[in-house]
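# Remarks on the overall topology
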Amino acid sequence: MNRKVIIIGSGPAGLTAATYAARANLKPLVFEGAQPGGQLTITTDVENYPGFPDGIMGPDLMDKFRDQAKRFGAECHFKHVTKVDFGSHPFKVWVADETYLSDSIIIATGATARLLGLESEKELMGHGVSACATCDGFFFKDKKVFVVGGGDSAMEEANFLTKFASDVQIIHRRDELRASKIMQDRVINNPKVSIQWNTTLENIEGSIDDGVSAVVLRDTISGDVRMEKCDGVFLAIGHTPNTELFDNFLDLDNKKYICTKNNSTKTSLSGIFACGDVQDSIYRQAITAAGSGCMAAMDAEKYLESIESS
Ligand code: NAP
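Rules used in this analysis
- Residues numbered from 1 in each chain as written.
- Predicted model: local features only at pLDDT ≥ 70, side-chain atom pairs only at ≥ 80, totals over all residues.
- Heavy atoms only, no water.
- Salt bridge = Lys/Arg side-chain N within 4 Å of Asp/Glu carboxyl O.
- Helix = DSSP H or I, 4+ residues; strand = E, 2+ residues; numbered from the N terminus.
- Buried < 20%, exposed > 50% of the residue type's maximum accessible area, 1.4 Å probe, protein only.
- Domains from an automatic or database assignment.
- 1 Å grid on protein atoms, 1.4 Å probe; cavity = no way out; pocket = protein on both sides within 12 Å on 5 of 7 lines; lining within 4 Å.
- Points joined across faces, edges and corners; volume = space filled by probe spheres on them.
- Expected span 1.5 Å × (residues − 1).
- Contact = heavy atoms within 4.5 Å.

Proximity of charged atoms lets side chains of opposite charge pair with each other. For the coordinates displayed, the defined rule picks out 12 salt bridges. When the shortest N-O distance is used, the salt bridge between Asp-63 and Arg-66 registers 3.2 Å. With Asp-63 and Arg-66 both in helix 2 (residues 58–71) and three residues apart, the pair spans about one turn of that helix. A relative accessible area of 10% means that Arg-66 is categorised as buried. Here the residues in one salt-bridge network are Glu-32, Asp-63 and Arg-66, joined through shared partners.

Here you go:
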């Protein structure tokens, strides 16, 4: 069966594209991927999504997105795309050994949390090391934890962790935060959070059985190395776009984000559209992702009309 549009990804971008494509009667098929609902499903309160003046929990918001898309006939499958071939039309998408064909594709695969690349970080992930305070904060009641990073994510994670941990210390490699002023203020005014400036995380001590016991820190100015006891480490150092599947087919920028043409979601290949964090390294908000999802569905609709009339 040849589909009109397949949407890969199910965060705010993918599910908004699904709602618009479904309402345009394009009968979209959505492959939700490894993290259905996207990054908001590992967030707690979303306070800045318009229309929810009292805030809403991330997973609840994404359930609403999905319900809305399904109400108009979008088919949402909890499946993970493993391969694509955009070399000929119709485009091909694989989920393991199942093949799907489509006249157009909307890519909304988002981005994934970045890690430092330490051996100990990999070994102790899930045993005291985490990239998601919302998922794992609960395990650190009355404990001391470190958060690595100086952006909005690090501030958000640090604040959130004070609901559980008694001592939250941010490790930042510079003497200035990248985070927005409001997020910085929240951290600075939170008595449970402190910041270690000009500091990098060199190693994490601990074991799979007993969890994290300490971190090795380096002062970037003096070069001095010190060890500090702690119970957990949270990484909040940004994200990498999920574009490995598309590398051979589409133009990507130097950070591997999909390049889209000005004021549109068109990629370098006609009939393939990209929306949300997979093509946006700047704004990266749920609302901007949703907006670009809407654009992608409208761009796909126009493209489908053009190939039908030619
Ligand atoms: P980000 O803004 O790219 O910040 C990443 C932070 O990690 C930076 O401070 C960076 O240090 C540090 N970092 C990166 N690689 C590192 C390494 N190898 N070692 C040590 N430190 C490293 O990423 P983000 O905080 O995830 O935010 C991404 C976007 O989402 C932003 O646009 C942000 O505004 C948005 N966001 C918004 C909210 C909100 O409004 N509620 C919440 C979360 C995220 P340098 O500063 O030295 O580069």
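The subject of this paragraph is the domain arrangement of the chain. One can read the domain layout of the chain as domain 1 (2–112 + 239–309) and domain 2 (115–235). Of note, the centres of domain 1 and domain 2, computed from C-alpha atoms alone, are 32 Å apart.

What follows is about the layout of surface pockets. Approximately 250 Å³ is the volume attributed to the second largest pocket. Gln-279, Asp-280, Ser-281, Ile-282 and Tyr-283 are the residues nearest the centre of the second largest pocket, which is lined by 14 residues in total.

This part covers helix 1 (residues 12–23). A rise of 1.5 Å per residue sets the reference length of helix 1, with its 12 residues, at 16 Å; its end C-alpha atoms lie 16 Å apart and thus fit the reference within 8%. Among the 12 residues in helix 1, 10 count as buried, and that is most of the element. On its buried face, helix 1 sits against strand 1 (2–8), strand 2 (29–31), helix 2, strand 5 (75–77), strand 8 (98–107) and helix 7 (286–309). Asn-25 sits one or two positions beyond helix 1 and adopts a positive phi of about 65°.

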